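In case you want the letters, here they are:
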Amino acid sequence: MTKSRLTAPAVALAAPLLLYSGALVSQYGFGLHPCEMCYWQRWPHQAAIVLALLALLLRANDRAMRALTLLAALAIAVSGAIGIYHAGVEYGFWEGITTCATGGGGPVSLDAIMNAPLIRCDTAQWTLAGISLAGFNAIFSLGAAALILTLLRRKTTSTI
């Protein structure tokens with residue numbers, strides 16, 4: 001069996017793609033508008049996607065591929081850390097930011113501004129078993145980052 005040297009960068013691409021896609025589906029498919037801290041969690045995932053793509057494109061250079069995969073894992077972990085902070089604000093463990101975000105794209109008319117949803121960062125819009133979307137992002141992001149780091153530490157071996 002062969003342990004592929006591409007497993008870690010593939011996971012580093014798949015994890016943030018799935019998490020970011022889930023955020024977009026929850027926003028556009030289910031109307032769960034993001035608050036400001038939700039957007040903060042998306043930025044590291046976007047960076048991780050780019051870094052993992054570069055890692056896969058540069059797979060001929062093992063050192064560059066591993067370095068970019070490590071950076072992608074760190075970006076995913078940053079999103080998880082922001083998710084912990086955001087979930088803590090939602091659960092009332094600590095105070096969060098004092099501003100709220102509206103829908104994100106910058107409305108252009110007064111009517112659009114007045115009708116834009118005001119989303120509070122300290123209120124979970126959706127939970128499952130008491131865990132908010134920020135909490136799930138923290139769990140899955142930190143788990144994925146740990147898995148990627150574990151895969152990076154393993155040596156590529158092949159046996160017949």
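Residues numbered from 1 in each chain as written. Predicted model: local features only at pLDDT ≥ 70, side-chain atom pairs only at ≥ 80, totals over all residues. Heavy atoms only, no water.

If you tally the helices and strands in the protein chain, you get five helices and two strands. When its helices and strands are written in sequence order, the protein chain yields α-α-α-α-β-β-α. In the protein chain, which comprises 160 residues, the proportion classed as buried is 35%. Intrachain contacts of the protein chain at a sequence separation of at least 6 include 75% that bridge at least 24 residues. Of the roughly 9,400 Å² of accessible surface on the protein chain, 68% is carried by carbon and sulfur atoms. (Helix = DSSP H or I, 4+ residues; strand = E, 2+ residues; numbered from the N terminus. Buried < 20%, exposed > 50% of the residue type's maximum accessible area, 1.4 Å probe, protein only. Contact = heavy atoms within 4.5 Å. Areas by Shrake-Rupley, 256 points an atom, 1.4 Å probe, with all protein chains shown as cover.)

On the surface, I84, Y85, Y91, F93, W94 and L142 cluster together into a nonpolar patch covering about 590 Å² of accessible area. Relative to the helices and strands, I84 is located in helix α3 (residues 62-90). (Patch = residues over 30% accessible without salt bridge, like charges linked within 9 Å, V, L, I, M, F, W, Y side chains within 5 Å. Salt bridge = Lys/Arg side-chain N within 4 Å of Asp/Glu carboxyl O.)

A separate point is helix α1 (residues 7-29). Given a rise of 1.5 Å per residue, 23 residues ought to cover 33 Å, and the 31 Å separating the end C-alpha atoms of α1 matches this to within 8%. Buried within α1 are the following residues: A8, P9, A12, L13, A15, P16, L19, S26 and Q27. Where α1 is buried, its residues contact α2 (36-57), α3 and α5 (133-153). Residue G31 follows α1 closely and has a positive phi angle near 70°. (Expected span 1.5 Å × (residues − 1).)

Now for the side chain of S79. Mapped onto the secondary structure, S79 falls in helix α3. Once residues lying within four places of it in the same chain are set aside, the contact partners of S79 are Q41, P44, H45, N137 and S141.

It is the contact of α2 with α3, at a shortest axis distance of 8 Å, that shows an interaxial angle of 170°. On the basis of the axis angle, α2 is roughly antiparallel to α3. Split by residue class, the contact of α2 with α3 holds 19 nonpolar, six polar and no charged. (Axes fitted to C-alpha atoms, helices over the stretch in contact; angles between N-to-C directions. Parallel < 35°, antiparallel > 145°, perpendicular 65-115°, else oblique. Nonpolar A, V, L, I, M, F, W, Y, C, P; charged D, E, K, R; others polar.)

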